[in-house]
Amino acid sequence: VNPSTAIANPSAPTLKSGSELERILAAGHFAVTAELGPPRGCDAASVRRKAKILKGSVDAANVTDNQAAVVRMSSIATGLLMLAEGLEPVIQMTCRDRNRLAMQSDLLGAAAHGLRNLLCLSGDHQSKGDHPGAKNVHDIDSIQLVAMVRAMRDESHYQNGEQIPGGGPRIFIGAVENPFADPAAMRPYRLRKKALAGADFIQTQLVYDLPRFRDFMKRVVDLGVHEQVKILAGVGPLKSPGAARYMRQNVPGMSVPEAIEARMEAAVKGIAADDKAARTRAWREEGKRICVELIQQIREIEGVAGVHVMAIEWEEAVPEIVKAAGLLPRPLAAA
Amino acid sequence: MIVAERKSLDAISKMVEAHGKVLAVGCGTCVTVCFSGGQKEMQTLAASLRMKRSLEGKSIEVDEAVVQRQCEWEYIDALSDRVKRYDAVLSLGCGVGVQALAERFPGTRVLPALNTLFMGLPSEQGVWEERCQGCGNCILDKTGGVCPVTRCAKQLFNGPCGGSQNGRCEVDKSIPCAWNMIWERAEALGMVEALMELAPAKDWSTSRDGGPRRIVRADLRTPGEKEGTP
């Protein structure tokens, strides 16, 4: 698919943005997105290399926005490099770094350049990042950002209510939800709030804890939220048992069952402790296998419309996982 | 109350380095209650400065004063004769007190001995916590009496971020998650439905973002006085 053609001629008038991701979800296909971490410098080649790896295996790829509050190449600039490679970007935008003026002007610019997907987030707190002395913004929150973008697109007005000359940006609006954070009782309602604000799709935090995710989805389905918004479950391959342990102990709002860590440990059984290369290989293979199995089980859960495969700095794993999960070829890539 | 902490002795000593005669001025209100700038703290600081200077083989004259409220002219005006006799005034008031002294005594250097932190309360013996940022447009009726502007690290208006775990904030486990508290209060008070409504983008113009703030109460003005002149 030539992205510029795809954007210039959205296939159906009912589409809100005409993005590939929107068309795939609207057609009822099980969507696959991935994540592309921008470089810490100005290295465009690394973006092109990662885009080439992901292209054809996913419908679109998220570009993180100063993820973990660490300065990286801007999401929109990285997205343009991806677009030129034929990989559709999902621009991430946090409320931490921009006020409503900056957000709106960036969105006008992004849309002018043919970017069609946006993911709205609060953003990791800057105290965890590389500029802990920075001032944060939080002029509006992530749900208010969703509402603002929806009004820009559907009503062609700025957040202040004034008309946008020539009409607003056509953007497919995403938001996130963490099924494992607290207060657990509020989470499905908060997700519904995002749908009411105008979110078209949701990407969740990494799912390793299937029982808890099933329970969350059941409550979401009971509220009928899955009919208002397309929900993509977050998955990702583990690199080692240590990674599982680290996430469980140190990342607030993450749930990684001990059984998964134990399975990662068992993957190196019989391999000499000093054969580090063989152990790494075995762990990574097991990490990918677990990820594939999770995708297959998640696919069976009512209300799940796709998966978001997060393998930051391990983009090579994504095509293998998507293929092994039986999700290739991608609908539009095959067209 | 306004909660403040004293600067380090080294930092204060450096500030007064060039001065031989200093008047330390405590404040009898908020900073007395939070044990940072009352009479006792002022006396301790004055003695420490004298001792430090003497250990360094130099001398300094630090005299002591306390006013009931450093943020009101009628209390600080009582110092006007004394102030003239010093090279500098070292204020143990909050930032408001320091500026009030500077404004009232334009010919005198006024130095801050405290770092002013927040509007808050003593939550436990020896512990102070922030409660209000003075945003100028209170929404506590909608959030069960817990302020997300002040107590949520990301100032969220529509529920918790993804980093809330076991009632704690992702920034630091010692910080309670404001939205966890709001949710629990709402459950207890049967107000959960109110949290389902979309809170619109806040108008920050009543906050510091609108520029330095000022209110004029016409009902309290002296007849004939002109509003707007300093």
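Everything discussed here concerns the structure shown above.
Residues numbered from 1 in each chain as written. Chains lettered and ligands numbered in written order. Predicted model: local features only at pLDDT ≥ 70, side-chain atom pairs only at ≥ 80, totals over all residues. Heavy atoms only, no water.

1. Regarding the overall build of chain B
- The secondary structure content of chain B amounts to 8 helices and 7 strands.
- Computed over C-alpha atoms, the radius of gyration of chain B comes to 22 Å, more than 25% over the 17 Å expected from 2.2 N^0.38 for 230 residues, which places it beyond the range of a compact globule.
- Principal-axis analysis of the C-alpha atoms places the extent of chain B at approximately 65 × 55 × 25 Å.
- Long-range contacts, defined here as pairs at least 24 residues apart, represent 56% of the contacts in chain B between residues at least 6 apart.
- Of the roughly 12800 Å² of accessible surface on chain B, 52% is carried by carbon and sulfur atoms.
- Charge separation in chain B, taken as the distance between the mean sites of 29 positive and 29 negative side-chain charges, equals 5 Å. (Helix = DSSP H or I, 4+ residues; strand = E, 2+ residues; numbered from the N terminus. Rg over C-alpha atoms; globule rule 2.2 N^0.38 Å. Contact = heavy atoms within 4.5 Å. Areas by Shrake-Rupley, 256 points an atom, 1.4 Å probe, with all protein chains shown as cover. Lys, Arg positive; Asp, Glu negative; His and termini not counted. Charge placed at Lys NZ, Arg CZ, Asp CG, Glu CD.)

2. Brief notes about the pairing of strand 1 (residues 31-36) of chain A
Residues and elements named next belong to chain A.
- In terms of burial, strand 1 is a largely internal element, 6 of the 6 residues being buried.
- Across the two faces of strand 1 the burial is the same, with Ala31, Thr33 and Glu35 and Val32, Ala34 and Leu36 all buried.
- One ladder, built from 4 bridges, connects strand 1 with strand 8 (residues 304-309); its direction is parallel. Residue pairing across strands places Ala34 opposite Val309, the latter belonging to strand 8.
- Pairing of strand 1 with strand 2 (residues 60-63), which is carried by 4 bridges, proceeds in the parallel orientation. From the neighbouring strand, Glu35 faces strand 2, where its bridge partner is Asn62. (Buried < 20%, exposed > 50% of the residue type's maximum accessible area, 1.4 Å probe, protein only. Pairing = 2+ DSSP bridges.)

3. Topic: the side chain of A:Ser57
- Of note, A:Ser57 is situated in the loop between helix 3 (44-54) and strand 2.
- If near-sequence neighbours (up to four positions away) are discounted, A:Ser57 is found in contact with A:Val32, A:Pro319, A:Val322, A:Leu328 and A:Arg330.

4. Observations regarding helix 6 (residues 142-154) of chain A
All names here are of chain A.
- Its 13 residues give helix 6 an end-to-end C-alpha distance of 18 Å, which sits within 8% of 18 Å, the value for a rise of 1.5 Å per residue.
- Helix 6 sits mainly inside the fold: 10 of its 13 residues count as buried.
- Along helix 6, the positions that sit buried rather than exposed are Ser142, Ile143, Gln144, Leu145, Val146, Met148, Val149, Ala151, Met152 and Arg153.
- Packed against the buried residues of helix 6 are strand 3 (89-94), helix 5 (100-112), strand 4 (117-121), strand 5 (172-177) and helix 7 (187-197).
- Just downstream of helix 6 lies Ser156, where phi reads positive at about 50°. (Expected span 1.5 Å × (residues − 1).)

5. Let's talk about the environment of A:Lys128
- Relative to the helices and strands, A:Lys128 resides in the loop between strand 4 and helix 6.
- Each C-alpha atom of the pair A:Lys128 and A:Ala69 lies 6.6 Å from the other, and the pair is 59 residues apart in sequence.
- Leave out the neighbours within four places in its chain, and A:Lys128 touches A:Ala68, B:Glu170 and B:Val171.
- Looking at A:Lys128, its side chain comes within polar contact range of the main-chain oxygen of B:Val171, at 2.9 Å. (Polar contact = N/O pair within 3.5 Å; in protein donor to acceptor, adjacent residues only side chain to side chain.)

6. Quick notes on the pattern of salt bridges
Residue and element names in this part refer to chain A.
- Applying the stated criterion to the full structure yields 39 salt bridges over all chains.
- With a closest N to O distance of 3.1 Å, Glu285 and Lys288 form a salt bridge. Linking Glu285 with Lys288, this pair stays in helix 11 (residues 276-299), spanning 3 residues, or about one helical turn.
- In this structure Lys288 comes out as buried when scored by relative accessible area, which is 10%.
- One salt bridge in this structure joins Lys288 and Glu320, with 2.5 Å as the shortest N-O distance. Of the two residues, Lys288 is situated in helix 11 and Glu320 in helix 12 (residues 317-324); the sequence distance between them amounts to 32 residues.
- Given a relative accessible area of 41%, Glu320 falls into the partly exposed group. (Salt bridge = Lys/Arg side-chain N within 4 Å of Asp/Glu carboxyl O.)

7. Remarks on the interface of chain A and chain B
- Each side of the interface is counted separately: chain A has 34 residues, and chain B has 31 residues.
- The junction of chain A with chain B conceals about 2600 Å² of combined surface from both sides, 53% of it contributed by carbon and sulfur atoms.
- Taken together, chain A and chain B are joined by 0 salt bridges.
- Applying the counting rule to chain A against chain B returns 20 residue pairs in polar contact (both at pLDDT 80 or more). (Buried area = accessible area lost by both parts, 1.4 Å probe.)

8. Thoughts on the sheet that holds strand 5 (residues 109-112) of chain B
All names here are of chain B.
- Read from one edge to the other, the open sheet built from 4 strands follows the order 3-2-4-5, with strand pairing classed as parallel. The open sheet has two edge strands, strand 3 (61-67) and strand 5, and neither has a second partner. Here the strands of the sheet are splayed against their neighbours by 25° on average, with no regard to which way each runs.
- Looking at chain direction, strand 2 (residues 21-27) and strand 4 (residues 88-91) are connected through 4 bridges and run parallel. Note on strand 4: the bridge partner recorded for Val22 is Ala88.
- Taken strand by strand, helix 3 (residues 39-55) contacts strand 2, strand 3 and strand 4, and its axis lies near 175° from that of strand 3. (Axes fitted to C-alpha atoms, helices over the stretch in contact; angles between N-to-C directions.)

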